[in-house]
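# Geometric and topological summary
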Amino acid sequence: MSNSLQKTISEKIEFKGIGLHSGLESIIKIIPADENYGIVFKRTDLEQNNIVKANFENVSATKLCTTIQNNFNISISTVEHLLAALYITGIDNALIEISAPEVPIMDGSSKEFVETILKVGAKQQNTKRKYLKILKKFELKEDEKFISIEPNADSLKVDFELVYSNEVIGRQRNKINF
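This text gives an overview of the structure that appears in the document.

How each quantity is defined
- Residues numbered from 1 in each chain as written.
- Predicted model: local features only at pLDDT ≥ 70, side-chain atom pairs only at ≥ 80, totals over all residues.
- Heavy atoms only, no water.
- Helix = DSSP H or I, 4+ residues; strand = E, 2+ residues; numbered from the N terminus.
- Rg over C-alpha atoms; globule rule 2.2 N^0.38 Å.
- Buried < 20%, exposed > 50% of the residue type's maximum accessible area, 1.4 Å probe, protein only.
- Contact = heavy atoms within 4.5 Å.
- Areas by Shrake-Rupley, 256 points an atom, 1.4 Å probe, with all protein chains shown as cover.
- Lys, Arg positive; Asp, Glu negative; His and termini not counted.
- Charge placed at Lys NZ, Arg CZ, Asp CG, Glu CD.
- Patch = residues over 30% accessible without salt bridge, like charges linked within 9 Å, V, L, I, M, F, W, Y side chains within 5 Å.
- Salt bridge = Lys/Arg side-chain N within 4 Å of Asp/Glu carboxyl O.
- Pairing = 2+ DSSP bridges.
- Axes fitted to C-alpha atoms, helices over the stretch in contact; angles between N-to-C directions.
- Phe/Tyr/Trp six-rings, centres within 6.5 Å; stacked < 30°, edge-to-face > 60°.

What follows concerns the overall build of the protein. Summing up its helical and strand segments, the protein has two helices and 14 strands in all. Relative to a compact globule of 178 residues, whose C-alpha radius of gyration would be 16 Å, the protein shows 18 Å and is just as compact. Its C-alpha atoms put the protein at 45 × 40 × 30 Å along the principal axes. Considering the protein as a whole, with its 178 residues, one finds that 31% of them fall into the buried category. Long-range contacts, defined as pairs at least 24 residues apart, comprise 60% of the intrachain contacts of the protein with a sequence gap of at least 6. When the accessible area of the protein is evaluated, it comes to approximately 12,200 Å², of which 50% is carbon and sulfur surface. Of the charged side chains in the protein, 23 are positive and 24 negative, and the gap between their average positions amounts to 5 Å.

Here's what the structure looks like:
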């Protein structure tokens, strides 16, 4: 994500599938949006209070999937693969119309989302991207779990390790330099 200008998709795209947890069919339309719009979901199955911004402050649950919710308790779940695809493809601004309360699972990854977004392409906008700058190390611990974040002048580097007592899952570690 070395480009410093915001981007949106070049044209509307559509996906259709089934929600993993709800079993409901869902149609998603990703629509180009203006600069500084951000990523915003609109539940088309509802007539009022149906806008939910994709923002960490709107995360209401993370058990089995990530759910975001507005102040009217309107939610959208299983958003992580779609949001990852938008991040991977550099999309900063888009309206996502969704016909059900859950993003379809597709193939269980963000692959189809990424491939389709790359196929239609991105449109560069004239406003600079906004970044979160980490100024000092922050760490949060709860029992045997912890997470920390610290400044890095070069890039976003993620190093994570999962340790489960279940022998099938066991210990897993991954390092990613974005």
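Time to look at a nonpolar patch on the surface. Taken together, Tyr87, Ile88, Leu156, Phe160, Leu162, Tyr164, Val168, Ile169, Ile176 and Phe178 make up a surface patch of nonpolar side chains, about 930 Å² in accessible area. Sorting the residues of the nonpolar patch by element identifies α1 (80-88) and β13 (157-163) as the ones contributing at least two each. In this structure, Tyr87 sits in helix α1. On the accessibility criterion, Tyr87 (37% relative accessible area) is partly exposed.

Moving on, we get to the sheet that holds strand β8 (residues 75-77). The strand order β6-β7-β8 describes an open sheet built from three strands, whose pairing is antiparallel. A strand with exactly one partner marks an edge of an open sheet, and here the two such strands are β6 (59-61) and β8. Averaged over all pairs of adjacent strands, the angle between their axes in this sheet comes to 35 degrees, without regard to strand direction. Looking at chain direction, strand β7 (residues 67-69) and β8 are connected through three bridges and run antiparallel. Note on β8: the bridge partner recorded for Ile68 is Ile76.

This part covers the side chain of Ser77. Structurally, Ser77 is set in strand β8. For Ser77, a relative accessible area of 13% corresponds to the buried category. If sequence neighbours within four positions are ignored, Ser77 has contacts with Cys65, Thr66, Thr67, Pro101, Glu102 and Val103.

Turning our attention to the packing of aromatic side chains. Across all of its chains, the model carries one aromatic pair by this definition. The interplanar angle of 75 degrees and the centroid separation of 4.8 Å between the aromatic rings of Phe15 and Phe113 together place this pair among those described as edge-to-face. One end of the pair, Phe15, is in strand β2 (residues 13-18); the other, Phe113, is in helix α2 (residues 111-120), and 98 residues separate them in sequence. An identical accessibility class is assigned to Phe15 and Phe113; each is buried.

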